[in-house]
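Here's the letter readout for the chains.
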Amino acid sequence: MSAVTFFPNPCELRDLRDLPGCTVIELPPEIDLCNAAGLYHRIMSAVDDRADRLRLLVLDLTGTHFMDSQGVRLVEDVRRGLWPRARIRVVAMPDGVACRVLELSGVRRDVPVYDNLAEALES
């Protein structure tokens, strides 16, 4: 019998950090049909709150160990919903599920994916 992980509020962002011109949002361990819509609204609320100063949004998926097509849709919807002057980047573990899902779905053609946060902030 396998253990089931229970997250009290799966729509909560794990962390949100503001840097000069940049916001880093750490996403939860699982992104699927149950929480993708709620995550989208929380992310876009953070984007709207920073509209006057946001130049770069980094979605940190390094702690995400499960992501299905709803996670792909989340990243695409956030990309499309950004202000014209803001860019999006994703950080994902190179051998992780999130990175593989983004690769297989073709999202990496439109959204740069980096192995670590330092790389994403540097480029």
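Further up the page is the structure itself.
The sections below set out a description of the structure shown in this document. Here the structure is a predicted model, which means the values were calculated and not measured.

Next up on the list: the pairing of strand E4 (residues 56–60). Across the five residues of E4, five count as buried, placing the element largely inside the fold. Bridge analysis of E4 against strand E6 (residues 87–91) gives five bridges, and the strand direction is parallel. The partner of valine 58 across the bridge, within E6, is arginine 89.

Judged by how many residues are buried, strand E2 (residues 22–26) sits mostly within the fold: five of five residues are covered. Going residue by residue along E2, you find Cys22, Val24 and Glu26 tucked away on one face and Thr23 and Ile25 tucked away on the opposite face as well. Relative to E2, strand E1 (residues 15–19) runs antiparallel, the two sharing five bridges. Bridged to leucine 19 within E2 is cysteine 22. A loop of two residues connects E1 with E2, the two strands running antiparallel in sequence, and glycine 21 in this loop sits at a positive phi of about 75°. Bridge count between E2 and E4: five bridges; the pairing is parallel. Among the inter-strand pairings, valine 24 is bridged to a residue of E4, identified as valine 58.

Here is what the cut-offs are and how they apply
- Residues numbered from 1 in each chain as written.
- Predicted model: local features only at pLDDT ≥ 70, side-chain atom pairs only at ≥ 80, totals over all residues.
- Heavy atoms only, no water.
- Buried < 20%, exposed > 50% of the residue type's maximum accessible area, 1.4 Å probe, protein only.
- Helix = DSSP H or I, 4+ residues; strand = E, 2+ residues; numbered from the N terminus.
- Pairing = 2+ DSSP bridges.

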